[in-house]
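Below, each chain spelled out in residue letters.
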4 protein chains.
Amino acid sequence: MGVKKEARLRGRFKEDISESVQRYLASAPYDWRLYRQDILGSQVHAEMLARQGIIPRGDYVKIKDGLHSILKEIDSGRFQFKLELEDIHMNIESRLFELIGETAGKLHTARSRNDQVALDMRLFAREAAGKVVAALQGFNSVLVEIAEKNIKVVMPGYTHLQQAQPVLFSHHVLAYFQMFSRDISRFESCLSRINIMPLGSGALAGLPYPVDREFVAGKLGFDDVSANSIDAVSDRDFIIEFESASAICMMHLSRLAEEIILWSTAEFGFIEIGDAYATSSSIMPQKKNPDTAELARGKAGRVYGHLLAMLTVMKGLPLAYNRDMQEDKEGFFDTVDTLISSIDIMCGLVASTKINAARMKYSMQSYILATDVADYLVGKGLSFREAHDVVSRVVSYAIGNNRELNELDIKEYKGFSKMFEKDVLAITLQKSVEARSSQGGTATAEVKKSIESAKVAVNGYARQKD
Amino acid sequence: MGVKKEARLRGRFKEDISESVQRYLASAPYDWRLYRQDILGSQVHAEMLARQGIIPRGDYVKIKDGLHSILKEIDSGRFQFKLELEDIHMNIESRLFELIGETAGKLHTARSRNDQVALDMRLFAREAAGKVVAALQGFNSVLVEIAEKNIKVVMPGYTHLQQAQPVLFSHHVLAYFQMFSRDISRFESCLSRINIMPLGSGALAGLPYPVDREFVAGKLGFDDVSANSIDAVSDRDFIIEFESASAICMMHLSRLAEEIILWSTAEFGFIEIGDAYATSSSIMPQKKNPDTAELARGKAGRVYGHLLAMLTVMKGLPLAYNRDMQEDKEGFFDTVDTLISSIDIMCGLVASTKINAARMKYSMQSYILATDVADYLVGKGLSFREAHDVVSRVVSYAIGNNRELNELDIKEYKGFSKMFEKDVLAITLQKSVEARSSQGGTATAEVKKSIESAKVAVNGYARQKD
Amino acid sequence: MGVKKEARLRGRFKEDISESVQRYLASAPYDWRLYRQDILGSQVHAEMLARQGIIPRGDYVKIKDGLHSILKEIDSGRFQFKLELEDIHMNIESRLFELIGETAGKLHTARSRNDQVALDMRLFAREAAGKVVAALQGFNSVLVEIAEKNIKVVMPGYTHLQQAQPVLFSHHVLAYFQMFSRDISRFESCLSRINIMPLGSGALAGLPYPVDREFVAGKLGFDDVSANSIDAVSDRDFIIEFESASAICMMHLSRLAEEIILWSTAEFGFIEIGDAYATSSSIMPQKKNPDTAELARGKAGRVYGHLLAMLTVMKGLPLAYNRDMQEDKEGFFDTVDTLISSIDIMCGLVASTKINAARMKYSMQSYILATDVADYLVGKGLSFREAHDVVSRVVSYAIGNNRELNELDIKEYKGFSKMFEKDVLAITLQKSVEARSSQGGTATAEVKKSIESAKVAVNGYARQKD
Amino acid sequence: MGVKKEARLRGRFKEDISESVQRYLASAPYDWRLYRQDILGSQVHAEMLARQGIIPRGDYVKIKDGLHSILKEIDSGRFQFKLELEDIHMNIESRLFELIGETAGKLHTARSRNDQVALDMRLFAREAAGKVVAALQGFNSVLVEIAEKNIKVVMPGYTHLQQAQPVLFSHHVLAYFQMFSRDISRFESCLSRINIMPLGSGALAGLPYPVDREFVAGKLGFDDVSANSIDAVSDRDFIIEFESASAICMMHLSRLAEEIILWSTAEFGFIEIGDAYATSSSIMPQKKNPDTAELARGKAGRVYGHLLAMLTVMKGLPLAYNRDMQEDKEGFFDTVDTLISSIDIMCGLVASTKINAARMKYSMQSYILATDVADYLVGKGLSFREAHDVVSRVVSYAIGNNRELNELDIKEYKGFSKMFEKDVLAITLQKSVEARSSQGGTATAEVKKSIESAKVAVNGYARQKD
């Protein structure tokens with residue numbers, strides 16, 4: 001019977017579409033995921049129609065109850081999706097006809113598939129953004145705990161993957177806290193542009209019915225109604241912006257994943273990830289592979305791809321709706337799934353990881369203190385550039401003689417500059433760290449301050465949820 | 001002498017780099033564009049150093065004045081950039097040595113190239129975002145004027161590029177007003193994440209000097225200082241987010257460009273663009289080609305490419321700074337240039353365009369009123385689905401007989417449904433438009449309301465600039 | 001029991017992976033598509049092991065028969081895939097243990113999952129390339145037929161979407177024949193790099209068994225064996241190259257789709273696509289939307305996205321295998337499916353399309369002959385540049401006076417140049433077409449030659465299949 | 001005067017273009033790079049015109065000589081490019097008018113800018129492909145030398161960046177030889193599709209002149225002439241395919257760069273790159289940063305971006321030429337420059353690198369031999385799966401007790417399986433390497449064979465150049 005409904009839409013055509021065309025056109029295999037949004041939107045739409053006297057109240061009740069039954073059918077897996085009904089909207093509508101008869105047809109009053117699908121996608125995106133934010137907040141909470149627990153651990157800080165200056169491990173961890181905080185902020189900005197109610201735009205030109213769009217918006221929790229009906233059905237900015245924020249967040253995860261992979265090598269040996277996040281090899285019995293981190297790193301590619309795909313789809317499309325835009329869904333759903341699962345997996349992975357503080361410390365070469373030696377000379381009155389010059393030669397001498405900086409004696413130091421005194425030999429990793437006490441620097445006191453503000457933010461998350 | 005300075009940095013190396021390596025490493029050919037930002041940042045940095053007693057006040061004055069001279073040299077085109085000095089920062093520093101001697105070396109106290117370049121890029125991006133917003137506001141002002149002036153013009157509205165329902169030309173124009181408004185909002189969101197002051201992060205670990213980062217931030221107009229030194233030098237989110245907002249905006253322009261190209265065809269003939277935006281052909285003397293619109297459409301590709309390039313660059317990079325990140329600049333500069341020039345060109349193009357209202361009207365087939373005929377039947381009590389079914393058959397009959405809808409007589413109509421009365425023949429384009437009076441719809445009254453709110457927004461732009 | 005097998009692989013771990021990690025790691029939901037390849041590869045591998053005396057012949061027979069049973073189970077839909085067995089390889093292996101007991105373990109001798117998956121993907125890609133080529137050949141055959149049938153149809157040729165010069169419709173159609181011929185050639189080039197046998201590379205270092213790789217390659221129809229075991233398991237070039245060739249082909253289809261959409265508008269009206277490839281609207285009963293073409297155009301975005309995704313995944317990956325590379329599959333499978341279905345749908349769509357030759361002719365403005373008027377003057381001795389200049393002014397005069405070129409009289413022509421004679425009025429669309437008789441030009445004789453060579457190529461396809 | 005020429009082209013327009021539109025349209029700032037191609041093409045075109053009697057031979061000689069003078073002017077930097085002449089073609093043409101007067105106008109006979117630019121780009125791309133291939137061949141020659149010289153060096157082979165099995169360093173190096181060989185093959189395939197002569201296609205429809213396209217093709221070294229004039233001016237496949245091959249090659253370089261960066265860390269310490277390829281830090285005097293490798297890795301992003309830009313540009317473009325296609329140039333030129341310089345820099349970098357064989361050996365943990373222990377048990381009759389299981393437990397026991405595999409005694413081994421005999425303790429890194437003697441494996445004899453075939457290939461390169 002559903003097919004008959006669709007056939008009706010094709011009233012003016014003589015030939016039916018083949019199965020392969022049907023498969024090509026169908027979005028039901030993936031847009032079934034919008035069923036909750038679709039049903040909710042339809043219920044509120046029908047309620048508004050009744051309130052405005054466009055349909056009788058009794059019809060609204062029938063429609064609402066029919067849709068509720070369908071919701072339960074889908075929730076429980078009893079619903080039979082039909083490819084020939086193309087999309088989730090027609091599948092639900094067709095079933096509604098079966099359940100309540102011709103009254104079902106009234107639901108389509110003052111609504112087009114164009115504004116309906118825009119509504120469903122916005123509802124879905126809003127929920128997804130909320131879930132992403134929650135996942136990131138959860139991760140940030142874990143990062144703060146780790147930073148606090150390991151406040152005494154010193155590790156080599158890197159630039160160019162060369163040992164640069166010693167830093168607190170906690171300071172390094174909190175760099176990711178900052179990244180994820182920006183991600184949260186970006187999704188929240190995006191949300192303000194998602195949360196606009198498009199229903200009531202009709203096919204493109206608006207509606208010849210006295211609809212109450214504000215009512216629908218209010219009931220569905222939207223911040224505002226869309227201002228232009230043509231734009232409302234042509235716009236997929238919110239999908240692209242969401243995918244772009246996702247791409248940046250995946251990029252952050254890929255950097256973290258890279259570090260976890262690096263630090264898990266035999267050569268670095270800084271950490272050991274939990275067994276629950278590692279896999280073995282079918283060939284090499286000794287292997288403990290950080291596959292979860294590798295996949296999180298790799299999956300950045302997938303999300304970048306979805307972003308590009310959607311930018312490409314929309315490029316050069318004339319107004320208003322074009323079928324190309326149906327391509328927004330699969331990539332978006334996969335973006336949401338990939339992002340949320342990657343955040344959760346990486347969060348679990350990080351929480352499971354044991355830190356080898358001794359190895360971190362042991363791995364630092366004395367040369368990592370060269371900047372401190374230069375700063376020492378600046379303290380004696382050299383310009384930084386001159387001090388840098390002197391210390392470069394000291395380092396060069398030490399490396400050339402296979403010696404560590406702290407293995408040189410004061411006479412050797414004085415050979416490079418008279419300004420060196422015995423206390424140059426007292427420069428240590430810990431002193432180096434504590435010296436960097438500028439705002440946002442790695443000195444313990446500064447990092448503790450950062451932890452405190454991070455905790456305030458984390459507590460804010462919790463309150464937000466209440 | 002500049003070279004000697006750089007040579008000093010290479011103190012510990014035995015071998016110098018070749019010219020080809022120099023060329024490969026050099027960013028001076030493009031990052032010279034940061035010279036104003038770099039000089040301004042250095043001046044404020046030096047002022048702060050003096051205020052904090054890190055360098056003598058006299059040294060600050062020398063540095064400030066020296067930098068001012070360099071600014072004038074560059075502004076006037078007298079400055080000699082040297083590839084072997086690699087980047088804008090070393091070029092300026094080297095010149096400062098020439099002008100004020102060894103005091104120049106003190107400028108590098110409590111600063112690294114890593115936080116310096118981050119500062120410069122943020123200053124540049126902030127200014128660029130401001131320019132983009134201003135350009136979009138200018139475009140929006142033009143769109144509102146056009147919408148107001150042409151409020152009586154009716155054109156075919158399209159979905160799937162098939163004539164769908166008649167709409168006001170002004171309504172169509174205002175769809176772009178909405179798009180650009182979202183773009184403005186997106187750049188403003190982005191600005192809040194750009195406008196964070198990174199200086200004082202050192203190479204990655206913070207600084208062993210009593211710097212006053214808040215002073216620097218305040219003086220340079222930043223909203224806040226960065227919270228984590230490692231993150232501050234590793235972060236290029238703001239570039240990527242800017243490029244993503246740019247990509248979306250270029251996508252909007254590409255849609256507008258596509259429509260202008262379409263409407264300029266002999267077949268559509270809806271508009272004629274100004275001669276000043278057209279080119280001719282070297283072969284075909286009759287041609288008036290909309291090259292500017294074609295380029296604007298094509299340049300979406302370039303901006304997409306820059307976005308994806310930077311996402312790729314940052315993927316999987318361990319903290320903190322890596323030289324890969326130097327790749328942020330060329331693509332970003334080109335994004336800014338392309339976006340601003342494309343907005344300006346398209347704005348001028350649109351302003352130059354003559355609208356052929358008669359042709360728009362003439363081109364509309366009667367079938368475009370089929371929805372109104374269906375709505376007519378809904379008014380008589382059919383469900384929309386049923387009405388749609390009836391009218392499908394009417395249309396099919398008319399097309400099959402090579403007749404327009406308004407060429408059918410009432411008897412023929414009644415053959416499809418008894419509900420048809422004579423007044424069905426009175427449905428006109430204008431009535432169709434006026435019927436769609438839902439909020440955000442194409443009815444004249446609604447569009448006028450939209451124009452009024454658009455004008456309020458446009459006036460807000462002006463006030464913002466004061 | 002399968003789980004136990006996997007558990008054995010995890011022998012050295014204390015903790016098991018959670019369900020969410022399992023889901024994150026699992027490729028079984030998509031790599032089940034490799035089952036035929038996997039089973040075939042395993043059968044030949046086992047045969048080789050037996051031939052080389054590495055396993056007893058009896059074991060080979062057991063393995064071969066067991067695998068054959070599994071093939072039948074999967075073919076018939078009776079096979080139970082288990083997520084916890086992660087991938088298709090472990091699913092099959094585990095079932096083989098159930099069917100033939102511990103002998104199944106011998107199949108893993110002298111093979112790693114790393115070279116096994118490389119083999120499966122190459123077998124799959126080879127078959128896919130063949131299918132793409134066949135689909136393109138089929139499309140080309142249709143194009144040739146259409147070109148031949150419509151050899152008399154003249155249409156406006158466009159540059160910048162402005163009417164440029166009249167061309168034969170067949171000539172335009174054959175432009176696509178050329179594009180698809182290049183696509184075929186590109187896939188064939190790609191095939192030469194796909195068809196290399198990787199098995200025998202072990203995990204990365206080669207194998208400590210006297211394997212006969214040439215035998216396996218020969219039996220499986222490969223052109224050669226891979227030369228370096230580390231490269232063999234690290235290489236996904238063939239996937240990327242395939243996706244790149246697919247992206248170009250989808251771009252071609254998107255251009256064709258764009259033209260079909262344009263030509264189907266009320267304004268162009270050049271063609272009418274078959275009902276079987278059109279959809280209607282839920283709101284507008286008159287609509288006949290070219291949705292299939294729109295989707296084909298939009299799906300270019302998806303394939304571009306998969307290409308970018310895989311390039312991103314592979315960027316900066318150290319040798320040899322990394323788990324990131326598992327991300328090759330979903331995008332690749334979707335690329336293959338999308339490409340083949342898009343070719344087939346577009347081919348059917350094109351075949352279903354009615355051509356409105358009268359409308360094409362009627363739509364041509366006289367100005368389209370301006371180049372011929374210029375060529376006329378060149379024939380009289382002007383340089384082309386001078387002739388172009390004269391005709392520009394003629395066209396400008398005609399447009400300004402709302403006249404067509406052939407509505408001007410000879411006196412008016414002579415006002416622009418004395419060289420004009422009466423015969424300038426005899427320039428017609430057909431003469432214009434026939435004049436362009438250079439090799440590859442639009443003159444009927446030339447197009448007929450092109451059709452003849454195209455038919456030779458098409459016949460070559462057929463022979464190739466025999 | 002040049003402007004006057006251009007003005008002539010605009011004969012039918014009343015208004016001139018502004019400077020900003022001029023800048024937007026102009027390609028001269030970058031397409032000047034085509035000047036040699038353009039001049040050469042014009043000379044051969046004029047020669048053909050004379051041979052065919054289309055222009056007098058004397059005119060040809062004037063044109064040829066005039067063009068030769070222009071070539072010398074540009075070569076020597078004396079040529080004055082003018083933005084208002086838009087592109088390289090008009091710049092040269094305008095200068096030709098200055099040099100030889102109105103005869104210059106004849107050069108434009110039987111040629112359009114559309115086929116002219118297609119010709120120039122194909123000539124440029126052909127030369128570029130040749131240079132890329134030569135650069136890759138040069139790199140491969142260096143790799144073979146390095147592989148030969150270091151044949152005794154054993155290093156850890158990795159999967160998942162975990163130590164997997166010992167391999168010869170030379171074997172690892174030769175994996176890159178394979179990648180670059182595929183790149184060469186890919187560029188050669190691409191070349192076969194580049195080297196097609198488009199001139200003679202006119203604006204889109206072919207030419208009304210008796211041109212001899214085969215003559216032009218032969219003279220310019222093309223393999224064939226294009227078959228369809230519409231396709232010939234609409235086709236940019238060869239640019240995209242070139243960029244795609246470049247993207248894959250940059251991906252290979254990025255993998256090599258990543259390994260160089262990794263191996264240069266203090267933690268790996270496998271290599272030391274030449275000073276000439278390293279940079280220091282403005283802050284940290286001890287730093288030796290592998291900036292060249294980092295940039296090569298980062299520049300993959302740029303090339304990916306250009307590829308996607310061009311795919312985006314071409315998506316959905318109707319035939320034939322559209323101005324969007326002008327966007328092909330900048331990205332393509334930058335792709336060529338980036339790719340060639342990256343190959344050359346990485347080749348020099350690799351050649352400059354010192355290998356620390358002792359450190360490579362020392363870094364290997366005994367667990368890297370676990371597969372060999374499993375293979376040992378297979379030799380005793382276990383299935384590989386069973387052997388893997390036993391050795392997993394051995395490794396787990398050793399790690400748990402902080403012991404290396406070769407620190408366990410035979411009694412402990414026998415606790416896991418009776419099959420262990422004393423000779424299990426005799427498994428060494430070298431034996432492990434030599435055992436993997438399958439074709440393409442890491443055993444010294446196999447690697448030597450690979451070196452021999454690589455040398456044959458390298459010698460082939462040399463002959464090819466003769």
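Conventions we followed
- Residues numbered from 1 in each chain as written.
- Chains lettered and ligands numbered in written order.
- Predicted model: local features only at pLDDT ≥ 70, side-chain atom pairs only at ≥ 80, totals over all residues.
- Heavy atoms only, no water.
- Salt bridge = Lys/Arg side-chain N within 4 Å of Asp/Glu carboxyl O.
- Helix = DSSP H or I, 4+ residues; strand = E, 2+ residues; numbered from the N terminus.
- Buried < 20%, exposed > 50% of the residue type's maximum accessible area, 1.4 Å probe, protein only.
- Least-squares fit on C-alpha atoms with pLDDT ≥ 70 in both.
- Contact = heavy atoms within 4.5 Å.
- Phe/Tyr/Trp six-rings, centres within 6.5 Å; stacked < 30°, edge-to-face > 60°.
- Lys NZ or Arg CZ within 6 Å of the ring centre and 35° of its normal.
- Axes fitted to C-alpha atoms, helices over the stretch in contact; angles between N-to-C directions.
- Parallel < 35°, antiparallel > 145°, perpendicular 65-115°, else oblique.
- Left-handed = near helix turned anticlockwise from the far one by under 90°.
- Nonpolar A, V, L, I, M, F, W, Y, C, P; charged D, E, K, R; others polar.
- Disulfide = S-S within 2.5 Å.
- Buried area = accessible area lost by both parts, 1.4 Å probe.
- Polar contact = N/O pair within 3.5 Å; in protein donor to acceptor, adjacent residues only side chain to side chain.
- Expected span 1.5 Å × (residues − 1).
- pLDDT = per-residue confidence, 0-100.

Peer 1: Whenever I open this one, the pattern of salt bridges confuses me. Can you help?
Peer 2: Where charged atoms of side chains with opposite charge meet at close range, the side chains can pair. Tallied over the full model, the rule gives 150 salt bridges over all chains. Put simply, Glu148 of chain A and Lys455 of chain A hold a salt bridge, and the shortest N to O gap is 2.6 Å. Here Lys455 of chain A lies in helix α19 (residues 444-465) and Glu148 of chain A lies in helix α7 (residues 113-149), a separation of 307 residues in the sequence. Look at Glu148 of chain A and you get partly exposed, because its relative accessible area is 36%. When its relative accessible area of 28% is taken as the criterion, Lys455 of chain A is described as partly exposed. Residues participating in the shared-partner salt-bridge network are Arg122, Arg193, Asp231, Asp235, Asp237 and Glu241 of chain A together with Arg182, Asp183 and Arg186 of chain B.

Peer 1: Before we go on, may I ask you to explain the relation of the copies chain D and chain C in this structure?
Peer 2: Superposing the two chain copies requires a rotation about an axis and a translation along that axis. Mapping chain D onto chain C calls for a rotation angle of 180° and an axial translation of 0.0 Å; the resulting RMSD is 0.1 Å. Those values place the two copies in the arrangement expected of a two-fold rotation axis. Mapped onto chain C, 100% of the interface residues of chain D are again interface residues, and the two copies thus contact each other with one and the same surface.

Peer 1: Just checking my understanding: could you explain the packing of aromatic side chains for this structure?
Peer 2: A ring pair, where both rings are aromatic, is described by two values, the distance of the centres and the angle of the planes. For the coordinates displayed, the defined rule picks out 62 aromatic pairs over all chains. With 6.4 Å between their ring centres and 50° between their planes, Phe169 of chain B and Trp263 of chain B make a pair best called tilted. Highlighted residues: Phe169 of chain B in helix α8 (residues 169-194) and Trp263 of chain B in helix α11 (residues 237-263), separated in sequence by 94 residues. Take Phe169 of chain B and Trp263 of chain B: they sit in the same class, and that class is buried. The rings of Tyr158, Phe169, Trp263, Phe268 and Phe270 of chain A together with Tyr158, Phe169, Trp263, Phe268 and Phe270 of chain D are connected pair by pair, giving a single aromatic cluster. The side chain of Arg122 of chain A reaches across the aromatic face of Phe238 of chain A, ending 4.1 Å from its centre. We note Lys299 of chain C situated over the ring of Tyr24 of chain A; from NZ or CZ to the ring centre the distance is 5.3 Å.

Peer 1: Any chance you could explain the packing of helix α7 (residues 113-149) of chain C against helix α11 (residues 237-263) of chain C here in plain terms?
Peer 2: Helix-helix packing: each pair is described by the crossing angle between the helix axes and the interaxial distance. Residues and elements named next belong to chain C. Between α7 and α11, the shortest axis-to-axis distance is 11 Å and the interhelical angle comes to 20°. Looking at the two axes, α7 sits roughly parallel to α11. Read as a crossing pair, α7 and α11 show a hand that is left-handed. Contacts from Ala118, Met121, Arg122, Ala125, Ala128, Ala129, Val132, Leu136 and Phe139 of α7 reach α11 at Phe238, Ile239, Phe242, Cys249, Leu253 and Leu256. Taken together, the residues that form the contact of α7 with α11 break down as 14 nonpolar, no polar and one charged.

Peer 1: Just to check I follow, could you spell out the state of the cysteines for this structure?
Peer 2: Two cysteines form a disulfide when their sulfur atoms are joined by a covalent bond. Considering all chains together, one arrives at zero disulfides over all chains under this definition. Cys249 of chain B takes part in no disulfide bond, and the closest cysteine sulfur to it belongs to Cys347 of chain B, at a distance of 12 Å.

Peer 1: Looking at this structure, I do not really get the interface of chain D and chain A. What am I missing?
Peer 2: Counting residues at the interface gives 47 residues for chain D, matched by 47 residues for chain A. Each partner contributes to the roughly 3700 Å² buried at the junction of chain D and chain A, and carbon and sulfur atoms together form 56% of this total. Counting the surface chain D buries against chain A, the share from its top three residues, His160, Glu267 and Pro285 of chain D, is 19%. Seen at the junction of chain D and chain A, the total is zero salt bridges.

Peer 1: In this structure, what is going on with the interface of chain D and chain C? I would like to understand it.
Peer 2: Many descriptions give the size of an interface as the accessible area lost when the pieces come together. With 104 residues of chain D at the interface, the matching set in chain C holds 104 residues. Across the chain D to chain C interface the summed buried area is about 9000 Å²; carbon plus sulfur atoms make up 56%. It is Arg255, Leu319 and Arg385 of chain D in chain D that bury the most area against chain C; as a group they hold 9% of the surface buried on that side. Counting the contacts that link chain D with chain C gives twelve salt bridges. Glu241 of chain C is the salt-bridge partner of Arg186 of chain D, the closest N and O atoms lying 3.0 Å from each other. Our enumeration of links across chain D and chain C arrives at 55 residue pairs in polar contact (both at pLDDT 80 or more). Per-element accounting of the side of chain D that touches chain C gives the leading share, 13 residues, to helix α11 (residues 237-263) of chain D.

Peer 1: Is there a simple way to explain the side chain of Asp291 of chain B in this structure?
Peer 2: Its place among the elements puts Asp291 of chain B in helix α12 (residues 291-314). Among the polar contacts listed, one links the side chain of Asp291 of chain B to the side chain of Arg323 of chain D, at a separation of 2.4 Å. Residue contacts for Asp291 of chain B: discarding those within four places in its chain leaves Tyr277 and Thr279 of chain B, His160 of chain C together with Leu25 and Arg323 of chain D.

Peer 1: Looking at this structure, I do not really get helix α13 (residues 328-352) of chain D. What am I missing?
Peer 2: Over its 25 residues, α13 of chain D extends 36 Å from the first C-alpha to the last, a length consistent with the 36 Å expected when each residue adds 1.5 Å. Most of α13 of chain D is tucked away, with 19 of its 25 residues classed as buried.

Peer 1: How do you make sense of the confidence of the model for chain A when you look at a structure like this?
Peer 2: Where the model shows low pLDDT, its predicted coordinates should not be examined in detail. The share of residues in chain A with pLDDT of 70 or more is 97%, and the mean pLDDT across the chain is 93. The ipTM for the predicted assembly is 0.95, set against a pTM of 0.96.

Peer 1: How do you make sense of the relation of the copies chain D and chain A when you look at a structure like this?
Peer 2: Mapping chain D onto chain A calls for a screw motion: a turn of 180° about the axis and a shift of 0.0 Å along it, with 0.0 Å RMSD after fitting. The overlap is high: 100% of the interface residues of chain D also sit at the interface in chain A, so the same surface is used on both sides.

Peer 1: Sorry, what's going on with the packing of α11 of chain C against helix α13 (residues 328-352) of chain C here?
Peer 2: Residues and elements named next belong to chain C. Interaxial distance between α11 and α13 falls to 10 Å at its minimum, and their mutual angle equals 30°. Looking at the two axes, α11 sits roughly parallel to α13. Between α11 and α13 the crossing geometry is left-handed. Contacts between α11 and α13 involve Ile239, Phe242, Glu243, Ser246, Cys249, Met250, Leu253, Leu256, Ala257 and Ile260 on the former and, on the latter, Asp328, Gly331, Phe332, Thr335, Val336, Thr338, Leu339, Ser342, Ile343, Met346, Leu349 and Val350. Its residues assigned to classes, the contact of α11 with α13 shows 15 nonpolar, five polar and two charged.

Peer 1: What should I look at first to understand helix α11 (residues 237-263) of chain A in this one?
Peer 2: At 3.6 residues per turn, the α-helix brings residues three or four places apart onto the same side. With 27 residues, α11 of chain A extends 39 Å between its outermost C-alpha atoms, agreeing within 8% with the 39 Å of an ideal straight helix rising 1.5 Å per residue. Among the 27 residues that make up α11 of chain A, 27 are buried, leaving the element largely enclosed by the rest of the structure.

Peer 1: What exactly am I supposed to notice about the side chain of Thr279 of chain A here?
Peer 2: All names here are of chain A. By the secondary structure assignment, Thr279 is in the loop between β5 (271-272) and α12 (291-314). A relative accessible area of 7% places Thr279 in the buried class. Only 2.5 Å separates the side chain of Thr279 from the side chain of Asp291, close enough to count as a polar contact.

Peer 1: Hey, could you run me through the environment of Lys354 of chain D in this one?
Peer 2: Residues and elements named next belong to chain D. Mapped onto the elements, Lys354 comes out in strand β6 (residues 354-355). Classification of Lys354 as exposed rests on a relative accessible area of 59%. Linking Lys354 and Ile271, residues 83 residues apart in sequence, is a C-alpha distance of 5.5 Å. The residues contacting Lys354, other than those within four sequence positions of it, are Phe270, Ile271 and Glu272.

Peer 1: Honestly, the environment of Ile54 of chain B in this entry has me stumped. Any pointers?
Peer 2: All names here are of chain B. Secondary-structure assignment places Ile54 in the loop between α4 (35-51) and α5 (57-75). Along the backbone, Ile54 and Glu294 are 240 residues apart, and their C-alpha atoms lie at a distance of 56 Å. Those residues in contact with Ile54 that lie beyond four places of it in its chain are Leu49, Thr109, Tyr209, Pro210 and Val211.

Peer 1: Can you help me understand unusual backbone geometry in this one?
Peer 2: Trans is the common state for peptide bonds, and a negative phi is the common state for residues other than glycine. Note that the residue after Leu319 of chain A, namely Ala320 of chain A, is joined by a cis bond; omega there is -10°. The residue Ala320 of chain A is located in the loop between α12 and α13 (328-352) in this model. Positioned with a positive phi, His160 of chain C is a non-glycine residue whose angle comes to about 55°. Residue position: His160 of chain C is located in the loop between β1 (154-159) and β2 (162-168).

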